[in-house]
Amino acid sequence: MDMTLPAFERFAVHFEPGDIIFSEYEPGDSFYLIQKGRVQIMKILGDIEKTVDVLQPGEIFGEMAILDDSPRSASAVAIDTVKALQFNKANFEILMKGQPQIALKLLKLFAKRIYDQRRRFMILTLSDVNARIADVFLMLNEMGAVHDVDEENEDDSRTFDVSVDDVAHWAGVNPQRCREVLNHFATQRRIEVGKSHITVHNINELARFVSTRRKG
Amino acid sequence: MPRSMTYKSNSVIYFEGDSSNRIYVLKSGKVTLTSHDIETGQEIHNRVETGEFFGVKSALGRYPQEENAVVVSTAEVIVFTVPEFEEFACQNTRVILKMLKVFSTQLRRIHAKVTNMLDQPTMVGPEHGLFQIGEFFHRQGKMKQARYVLERYLEVYPNGPRASRAKELLAGVERNDYLYSGPSHSEPSRADGHGASGEAERPAAASRGEQPGEETPAGRRYYEAVSMFGREEFQAAFKTFREAAAMEDPDFTVPSLVEAGRCLMHLQRHDDAIRHFTSLVQRYPKMEELPRVLYYLGRVYEEKGERERAGGFFKKVQSLASTDETLQKQVAHAIQNL
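Residues numbered from 1 in each chain as written. Chains lettered and ligands numbered in written order. Predicted model: local features only at pLDDT ≥ 70, side-chain atom pairs only at ≥ 80, totals over all residues.

Peer 1: Can you lay out the interface of chain B and chain A for me, pointing to particular residues and giving the numbers?
Peer 2: Listed per partner, the contact involves 44 residues of chain B and 42 residues of chain A. Of all the elements in the fold, those that place two or more residues in the side of chain B that touches chain A are helix 1 (56-61), helix 2 (82-91), helix 3 (93-118), helix 4 (126-139), helix 5 (143-156) and helix 9 (217-230) of chain B. Tallying contributions element by element places helix 3 of chain B first for the side of chain B that touches chain A, with 16 residues. Each residue belonging to the side of chain B that touches chain A can be placed in one class, and the counts come to 24 nonpolar, twelve polar and eight charged. (Contact = placed C-beta atoms within 7 Å. Helix = DSSP H or I, 4+ residues; strand = E, 2+ residues; numbered from the N terminus. Nonpolar A, V, L, I, M, F, W, Y, C, P; charged D, E, K, R; others polar.)

Written out as structure tokens, the structure is:
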């Protein structure tokens, strides 16, 4: 996609490393397409900064604000010197006519986000904490977040590049409780917890376990 | 090239769970989309209007179909592959715009549902939230970021309840900027000591040009405790919330007591939590937080396995006029899970 068209230069904005592009809770009406540099998406929870994502050139962020003026749900901070194109309601029409591919990209991003959020909601509706945590692995498996495919592994085994904190975050349980559950699964030989990865020995068995816990 | 297909009555164009790489437009006839509500599990039927696209989200997001598309009376349908649809949409940008509006509404809705379920430790409004972010960066010694957020705060809320505090912090930033402009000044030792003892905060804060006398001591205590809660240090947070409450600052007494009760919940001290919340309701029967406190009582009874009592509290919350929409949803969900 050619983004160097002079017509789009007027939407370019520049940030130095460490600059806040926008802050969580700030009202916003624009979204950004990164052209150069990386952007950290982060949230502040209590006294901790949590990195939600690190975005690369070609990626879009801030898209939640494009059609309404709701507060930003996370902060965006420039990691490197960043150049981005900034679009809002006022110039969105120009974007649509000049570069409908960007709008299409946005549409795909929304579709994926809706699915991810629905899937996450499905996890949170499970009242049994064990099932919630097990369902996180099913979700990661569906997303294709598998570490790598080891030919020697049995077909049902999956390794995920996640930490206990990540799993706790997705399951909406506190990390300590999550660790207890994971340790319990480990003693049952259902999973193996490594430093930066977790291996599920039999993903189908976990799927059966979750489905017995899901109501209706 | 998109092709036209005719489906007979009672046939199925696709099933829920099918992989999807096609997008459809209804040209004539009747098609119904059948799905299940993710909250209630109830079956939902949606009629596709003539000229309407369907199967779009799954195909563009590359995930399985979320509904059954059933033909009610013989239907003619135009079928696009994803690249064909993209080409079509780029020529007809109104289609993209319309879909963006629909998707954005759906995304907002599901996002709100997820947030409600997570039961965040501090549910603050955007005004308070933005201020807290500025305060956070200030505490961390990240003055560049603090300045951006506090300036934005004053721009958006020039007469906000925390505007004068934001101005003070900002003045501090201007005075001490040269001291805290780089990461080497982020004071890791202070951050470590912060959770262990709230007292460690004061000298450090004073040395950065803050004036502790101008912030209410109860407010300071309260936010320290909120941070501890965020770090899941519930025992320390409980103690600190109690201290904040004891200072009898009208703005912070009841919120501190409510949060102290939540610490007891997280510490699994069910009976203490019940006693705490019950006495809170008796002492402050007209407090703004009443619906939320009754909801917490329900939650504690639920955790104790006393479902009937839990249900009683949840129903009470539902019946209160002062229960906000968010809490109504949480309660409805809690009742469903009983």
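Peer 1: Account for the sheet that holds strand 9 (residues 158-160) of chain A, naming residues and giving values.
Peer 2: Residue and element names in this part refer to chain A. Spatially, 9-11-10 is the arrangement adopted by the three strands of the open sheet, whose pairing is antiparallel. For this open sheet the edge positions go to strand 9 and strand 10 (191-193), each flanked by a neighbour on one side alone. In this sheet, neighbouring strand axes are inclined to one another by 15 degrees on average, regardless of whether the strands run parallel or antiparallel. The pairing of strand 9 with strand 11 (residues 198-200) spans three bridges and is antiparallel. Bridge pairing in strand 11 links Phe 160 to Ile 198. (Pairing = 2+ DSSP bridges. Axes fitted to C-alpha atoms, helices over the stretch in contact; angles between N-to-C directions.)

Peer 1: I'd like to hear about the environment of Glu 84 of chain B, residue by residue, with values.
Peer 2: Summarising the element assignment, Glu 84 of chain B is placed in helix 2. Sequence separation of Glu 84 of chain B and Arg 22 of chain B is 62 residues, and the distance between their C-alpha atoms is 9.4 Å.

Peer 1: Which residues make up the packing of helix 11 (residues 253-266) of chain B against helix 12 (residues 270-283) of chain B, and what values do they have?
Peer 2: Residue and element names in this part refer to chain B. Their axes nearest at 8 Å, the elements helix 11 and helix 12 cross at an angle of 165 degrees. Classified by the angle their axes make, helix 11 and helix 12 are roughly antiparallel. Seen along the crossing, helix 11 lies across helix 12 with a hand that is left-handed. In this structure, helix 11 uses Leu 257, Ala 260, Gly 261, Leu 264 and Met 265 to contact helix 12, whose residues at the interface are Asp 272, Ala 273, His 276, Phe 277 and Leu 280. Class assignment for the residues of the contact of helix 11 with helix 12 results in seven nonpolar, two polar and one charged. (Parallel < 35°, antiparallel > 145°, perpendicular 65-115°, else oblique. Left-handed = near helix turned anticlockwise from the far one by under 90°.)

Peer 1: Go over the sheet that holds strand 5 (residues 48-55) of chain A, please, and point to the residues and values.
Peer 2: Residue and element names in this part refer to chain A. Spatial strand order, 2-7-4-5: four strands in an open sheet with antiparallel pairing. Two strands lie at the open edges of the sheet, namely strand 2 (20-22) and strand 5, each paired on one side alone. Strand-to-strand twist in this sheet, taken as the mean axis angle between neighbours without regard to direction, amounts to 35 degrees. As paired strands, strand 2 and strand 7 (residues 75-78) are joined by two bridges and run antiparallel to one another. Residue pairing in the sheet places Phe 22 in a bridge with Ala 76 of strand 7.

That's the geometry; what it means functionally is another story.
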